[in-house]
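What follows is each chain in one-letter form.
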Amino acid sequence: MFNLNKIVRPNILSLKPYSSARDEFNGSTGIFLDANENPFGTLNRYPDPHQKALKQKLAALKNVDHANIFVGNGSDEIIDLAFRIFCEPGKDVAMTFSPTYGMYEVSAAINNVGLIKLPLSTDFRIDRAVTRRLLDQEDLKLIFICSPNNPTGNTFDRKDIEMILTHFSGMVIIDEAYIDFSPEASCLNLIGKYPNLMVSQTFSKAWGLAAARVGVAYAHEAIIELFRKVKPPYNVSGLNQQAAITALENQAEFERNKEIILKEKAKLSKVLSGMEMVKNIYPSDANFILVEVENADKIYKSLVDQQVITRNRNSQVKNCIRISIGTPEENLLLLKALKNLNHE
Ligand code: PMP
């Protein structure tokens, strides 16, 4: 049985959070002499530490209560906070399904938390039986499920995810950084059903705001409260909050760009699959494709020499390069560079 108080680090449970000037007075009119701000300038005031305007927009878009929303400095901050809230350094462990996004492992190492990396099957599925056995391990506090998964591109089976949520008495974070590109449904609607679930999304991918650093997590109110306690008071800048609000007000552009990316992905995959050097293209629900080639190191390097930069994933998945979908022009240049390789 999941008991939040049992899995939170005791020092976090008893933590008295910092109370900012804007916590102690949150009206909008008056002369503000309380935060040691500079009275001159346009960026001189601290931003809203609770990102109320942004959360209001997200609440309407996602049909959740604002109390179920946490906004982070990118979803990388959410990953780090999760380790700091739930895992006792040098004692507790977390789990991921490998290969997956590299920051889970780096964050675990920074926080001195052990990491179980359970290998995915050759078609990148979760091994349900092996996973089920590990869920009872007492020091296992946190599981990351990246779905759609980076770098493999697939969305995990809902049944596997729900099996984990049902039988695990620690926290599960489903990282949905790429969910907007996926034809599969988000797990967001499961937060009411599973008290140990947090779903994390980001403005960095389909919303096109990687520079702004805005990640969003959805969970039961008690979990969101813990993240609020632990975050730095002004973790998301005013400029970045406004960038996300502006993007949300222009949903037509979001849809338009997403459609172009998805169409380009289909087009690019088709042409690539006809190339002799390409051995396999893994099905992808994201804005990238994982391509198995004859010799990933060589192809990656030759592409770099032609100023086309892909991600060599050979160390994670043998002879695979990961290609982000670019603009139609960029994708044509990629294909041209690959054709040049044929003539080397
Ligand atoms: N999760 C996954 C699966 C990612 O691939 C990335 C970035 N590549 C992130 C999280 C980090 O995203 P953000 O920009 O929101 O920190």
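In this text, all values refer to a predicted model and were calculated from it rather than measured experimentally.

A. Geometry of helix α6 (residues 103-110). By the burial criterion, the buried members of α6 are Y104, S107 and A108. Seen from one end, α6 has its buried residues packed into an arc of 105°, which puts them on one side. Projecting away from the buried face of α6 at angles above 90 degrees are the exposed residues A109 and I110. Where α6 is buried, its residues contact α5 (75-86), β2 (93-98), β3 (114-119), β4 (140-146) and β5 (171-175).

B. Geometry of the site of the ligand. The environment of the ligand is made up of 13 residues, and the closest members are S75, D175, T202, S204 and R213. S204 places a side-chain nitrogen or oxygen 2.6 Å from an oxygen atom of the ligand. For the ligand, the protein covers 91% of the area, taking 400 Å² as the surface of the free molecule. For the shell around the ligand, the residue count by class is 4 nonpolar, 5 polar and 4 charged.

C. Representation of the packing of aromatic side chains in the model. The tally for this structure, following the rule as stated, stands at 11 aromatic pairs. Ring centres of Y104 and F144 lie 4.6 Å apart, and the angle between their planes is 20°; on these two criteria the pair is classed as stacked. Residue Y104 is located in helix α6, and its partner F144 is located in strand β4; the two are separated by 40 residues in the primary sequence. As far as burial versus exposure is concerned, Y104 and F144 are alike and both buried. Ring pairs connect the aromatic residues F83, Y101, Y104 and F144, which therefore count as one cluster. The positively charged end of R322 is found above the aromatic ring belonging to F288, 5.6 Å away from the centroid.

D. Representation of unusual backbone geometry in the model. Across the junction of S147 and P148, the peptide omega takes the value -5°, indicating a cis bond. Tracing the chain through its elements places P148 in the loop between β4 and α8 (158-167). Cis geometry marks the peptide bond from N150 to P151; its omega dihedral reads 15°. Within the secondary structure layout, P151 lies in the loop between β4 and α8. Here N36, not a glycine, exhibits a phi torsion of approximately 50°, which is positive. Tracing the backbone through its elements, the reader meets N36 in the loop between α3 (21-24) and α4 (52-62). Exposure remark for N36: the relative accessible area of 78% places this residue in the exposed category. Even without glycine at this site, R213 takes up a positive phi of about 60°. By the element assignment, R213 lies in the loop between β6 (197-202) and β7 (215-219).

What counts, and at which threshold
- Residues numbered from 1 in each chain as written.
- Predicted model: local features only at pLDDT ≥ 70, side-chain atom pairs only at ≥ 80, totals over all residues.
- Heavy atoms only, no water.
- Buried < 20%, exposed > 50% of the residue type's maximum accessible area, 1.4 Å probe, protein only.
- Helix = DSSP H or I, 4+ residues; strand = E, 2+ residues; numbered from the N terminus.
- Arc of directions from axis to C-beta.
- Contact = heavy atoms within 4.5 Å.
- Near = heavy atom within 4 Å.
- Polar contact = N/O pair within 3.5 Å; in protein donor to acceptor, adjacent residues only side chain to side chain.
- Areas by Shrake-Rupley, 256 points an atom, 1.4 Å probe, with all protein chains shown as cover.
- Nonpolar A, V, L, I, M, F, W, Y, C, P; charged D, E, K, R; others polar.
- Phe/Tyr/Trp six-rings, centres within 6.5 Å; stacked < 30°, edge-to-face > 60°.
- Lys NZ or Arg CZ within 6 Å of the ring centre and 35° of its normal.

On their own, these measurements won't tell you what the molecule is for.
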